[in-house]
Amino acid sequence: MGGLAECHGHIFMNGQDYRAAAALHRNGPVESDVRAHLAACRDAGITYFRDGGDAWGVSLLAARLAGEYGIRYATPAFAIHRQGRYGSIVGHGYGDLKEYRALVAQAKAAGADFIKLMFSGVLDCVRYGGVSCPPLPGAEIREIVHIAHQEGFPVMAHVNGPQAIRDALEAGTDSIEHGFYMAPDCAKALGSTIWVPTHAAIHAFLGRPGFSDQVVSQALAEQAERLRQAAASGGTIAAGSDSGAVGVPHGAGLLQERALLEEILGGTEVLAQGDRALMERFCPRR
Ligand SMILES: [Zn+2]
């Protein structure tokens with residue numbers, strides 16, 4: 001069966017300007033915009049798309065329309081973050097576990113196929129080793145993953161930084177996204193967790209004013225080494241570009257991600273297996 005899998009994208013974003021995308025959909029998803037992005041995915045050969053979430057129901061609309069474009073679409077409805085930490089740009093926040101449970105129930109009622117969680121901030125592309133905010137404590141990561149699993153959902157988690165990645169793996173998170181600054185021993189022991197490195201989204205920072213090419217290059221080189229270690233240890237790696245993010249257009253972003261990962265991993269075999277595993281675990285429920 002042909003067709004490519006975009007294992008991490010945000011259909012509400014346009015690959016250029018997050019603020020403009022947020023403003024566009026703020027009063028309800030704009031169908032013409034969603035259709036244009038779905039068409040770009042179809043034209044690139046994409047037949048599966050897993051959305052990383054948005055706060056305005058854009059991915060839920062995309063999930064309803066995607067069949068017209070020959071795309072199987074998996075959505076979390078919205079991503080869930082702890083209030084005050086990173087994540088409000090792609091979803092809703094909780095203050096305590098009671099509120100967290102209510103958000104899981106809300107996602108379920110909205111038609112979520114899985115739960116998307118935010119364990120850490122974003123990669124700091126100016127300061128080496130930096131992440132934009134502190135990670136959640138390990139106990140909280142284990143608890144929120146456990147609750148999502150209890151509700152019958154697989155978990156996709158945004159995570160950077162060595163400790164949060166370790167906690168994510170220990171919690172049995174189904175897929176980890178980005179995963180920059182992973183410790184070598186974690187790369188060699190991903191276990192049942194699928195790694196979606198979104199290499200292209202960070203690669204897109206190279207040459208961008210206001211960021212350090214040296215920091216970005218070093219983070220990318222380290223991640224490449226961890227990916228080779230993971231693959232050599234039988235770890236599962238899938239291709240997702242974070243399409244919609246700045247410098248990562250829908251469709252073309254995945255082709256770039258695949259080219260980068262194929263170069264790092266020396267072929268397409270690992271990705272073919274990883275994409276299959278991810279599509280099985282994160283299948284649309286409709
Ligand atoms: Zn994302």
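Engineer: Please give an account of the overall build of the protein chain that cites residues and values.
Structural biologist: Assigned secondary structure in the protein chain consists of 11 helices and 10 strands. Here the protein chain has a C-alpha radius of gyration of 17 Å; the compact-globule value for 286 residues is 19 Å, and the two agree. Overall size of the protein chain, expressed as C-alpha extent along the three principal axes, is 45 × 40 × 40 Å. Of all intrachain contacts in the protein chain linking residues separated by at least 6 positions in sequence, the fraction that spans at least 24 positions is 68%.

Engineer: Describe helix 11 (residues 269–281), naming the residues involved and giving the relevant values.
Structural biologist: The first and last C-alpha atoms of helix 11 sit 19 Å apart over 13 residues, in line with the 18 Å expected at 1.5 Å per residue. V270, L271, G274, D275 and L278 are the residues of helix 11 that are buried. Looking straight down helix 11, one finds its buried side chains confined to an arc of 120 degrees; they lie on one side. Exposed residues on helix 11 whose side chains face more than 90 degrees from its buried face are E269 and E280. Where helix 11 is buried, its residues touch strand 1 (4–9), strand 8 (175–178), strand 9 (194–196), helix 9 (213–232), strand 10 (236–237) and helix 10 (252–265).

Engineer: So, the packing of helix 2 (residues 31–43) against helix 3 (residues 58–65): which residues are in play, and what are the values?
Structural biologist: Interhelical geometry of helix 2 versus helix 3 gives an angle of 60 degrees and a closest axis separation of 10 Å. Between helix 2 and helix 3, the angle falls in the class oblique. You can see that helix 2 and helix 3 cross each other, and the crossing is right-handed. Residues E31, V34, R35 and L38 of helix 2 touch helix 3, and the partners they reach there are V58, L61, A62 and L65. Classifying every residue of the contact of helix 2 with helix 3 gives 6 nonpolar, no polar and 2 charged.

Engineer: Which residues make up the sheet that holds strand 9, and what are the values?
Structural biologist: One open sheet accounts for 7 strands, arranged 5-4-6-7-8-9-10; its pairing is parallel. The sheet is open, and its two edges are formed by strand 5 (91–94) and strand 10, each paired on a single side. Two elements, strand 4 (residues 79–82) and strand 6 (residues 115–118), share 2 bridges in a ladder whose sense is parallel. Among the inter-strand pairings, A79 is bridged to a residue of strand 6, identified as K116.

Engineer: Can you tell me about the sheet that holds strand 2 (residues 46–51), naming the residues and giving the values?
Structural biologist: Taken together, 3 strands build an open sheet; the order of strands is 1-2-3 and the sheet is parallel. Edge positions in the sheet fall to strand 1 and strand 3 (72–74), since each has one partner strand and no second. The mean angle between the axes of side-by-side strands here comes to 15 degrees, regardless of whether they run parallel or antiparallel. The pairing of strand 1 with strand 2 spans 4 bridges and is parallel. Its bridge partner lying in strand 2, A5 is registered against Y48. Running over the sheet, helix 11 touches strand 1 and strand 2 and is turned about 65 degrees from strand 1.

Rules and cut-offs
- Residues numbered from 1 in each chain as written.
- Predicted model: local features only at pLDDT ≥ 70, side-chain atom pairs only at ≥ 80, totals over all residues.
- Helix = DSSP H or I, 4+ residues; strand = E, 2+ residues; numbered from the N terminus.
- Rg over C-alpha atoms; globule rule 2.2 N^0.38 Å.
- Contact = placed C-beta atoms within 7 Å.
- Expected span 1.5 Å × (residues − 1).
- Buried ≥ 20, exposed ≤ 12 C-beta atoms within 10 Å, placed from the backbone.
- Arc of directions from axis to C-beta.
- Axes fitted to C-alpha atoms, helices over the stretch in contact; angles between N-to-C directions.
- Parallel < 35°, antiparallel > 145°, perpendicular 65-115°, else oblique.
- Left-handed = near helix turned anticlockwise from the far one by under 90°.
- Nonpolar A, V, L, I, M, F, W, Y, C, P; charged D, E, K, R; others polar.
- Pairing = 2+ DSSP bridges.

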